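# Close look at the chain arrangement
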Amino acid sequence: RSRFLAAYKKVAEEHDDEFLEKYNGDMDVMLIFSGLFSAVSSAFIVAMESNLSPDPDDTTHALLAQLVQIGLGNLTAVGSTPATQASTWSPLIASIRIQSIAYASLSFSLLAAFGAVLGKQW
């Protein structure tokens, strides 16, 4: 009986060592991939962030146009046009959807990295 247990223990330890080596390497790859993907995804999110707010140049142009009208003495044109175009501006639905998908992919990537770290520590 002790020979059987010794043989079983030896085979089980070999199997466990192979299993741990394989999945430890897989988690290393997962951490690298999710880290790189998160960095690239964050860069795209930062680049797309400007699509969700009005262009400040439009407001500056409208105010400068009003100042020019005041300087020319045309006060009736100044009162009829709004000073800012930002009140009527709204982001495109496509931009909102793309941003939502980008944030979701970043969240899942960070969740995968968190899972890999937990798996490596376990």
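Whatever comes next refers back to the structure up there.
Numbers given to residues run from 1 along each chain, matching the order in which its sequence is written. With the structure being a predicted model, the display of local features is reserved for residues of pLDDT at least 70 and the display and counting of side-chain atom pairs for 80 or more, all residues being used for whole-chain, interface and lining totals. Neither water nor hydrogens contribute to the side-chain values; these are computed over all heavy atoms in the structure.

Attention now goes to a negative patch on the surface. Like charges are joined within 9 Å and nonpolar side chains (Val, Leu, Ile, Met, Phe, Trp, Tyr) within 5 Å, but only among residues with over 30% relative accessible area and no salt bridge; these make up the patches. Only the protein chains shown count as cover for residues, and the accessible areas themselves come from Shrake-Rupley with a 1.4 Å probe. Should a side-chain nitrogen of Lys or Arg be within 4 Å of a carboxyl oxygen of Asp or Glu, the pair is scored as a salt bridge. His is not counted here, nor are the chain ends, while Lys and Arg score as positive and Asp and Glu score as negative. Positions of charges follow a simple convention, taking NZ of Lys, CZ of Arg, CG of Asp or CD of Glu. On the surface, a cluster of negative charge is made up of E13, E14, D16, D17, E18 and E21. Tracing the sequence through the fold places E21 in helix α1 (residues 2–48). Classification of residues uses two cut-offs on accessible area relative to the type maximum, computed with a 1.4 Å probe and protein chains only: under 20% is buried, over 50% is exposed, and between them is partly exposed. The class of E21 is exposed, set by a relative accessible area of 64%. Numbering of helices and strands runs from the N terminus, with a helix taken as a DSSP run of H or I at least four residues long and a strand as a DSSP run of E at least two residues long.

A few words now on a nonpolar patch on the surface. A cluster of nonpolar side chains, namely F108, L111, F114 and L118, defines an oily patch on the protein surface of about 460 Å² accessible area. With respect to the secondary-structure elements, F108 resides in helix α4 (residues 93–121).

The next thing to look at is α1. Helix length check: α1, at 47 residues, gives a terminal C-alpha distance of 67 Å against a target of 69 Å (1.5 Å per residue), a fit within 8%. Of the positions making up α1, those classed as buried are S34, S38, S41, I45 and M48. On its buried face, α1 is in contact with α4. The span one expects for a helix is its residue count, reduced by one, times 1.5 Å. Between two residues, a contact is recorded if the distance between any of their heavy atoms is within 4.5 Å.

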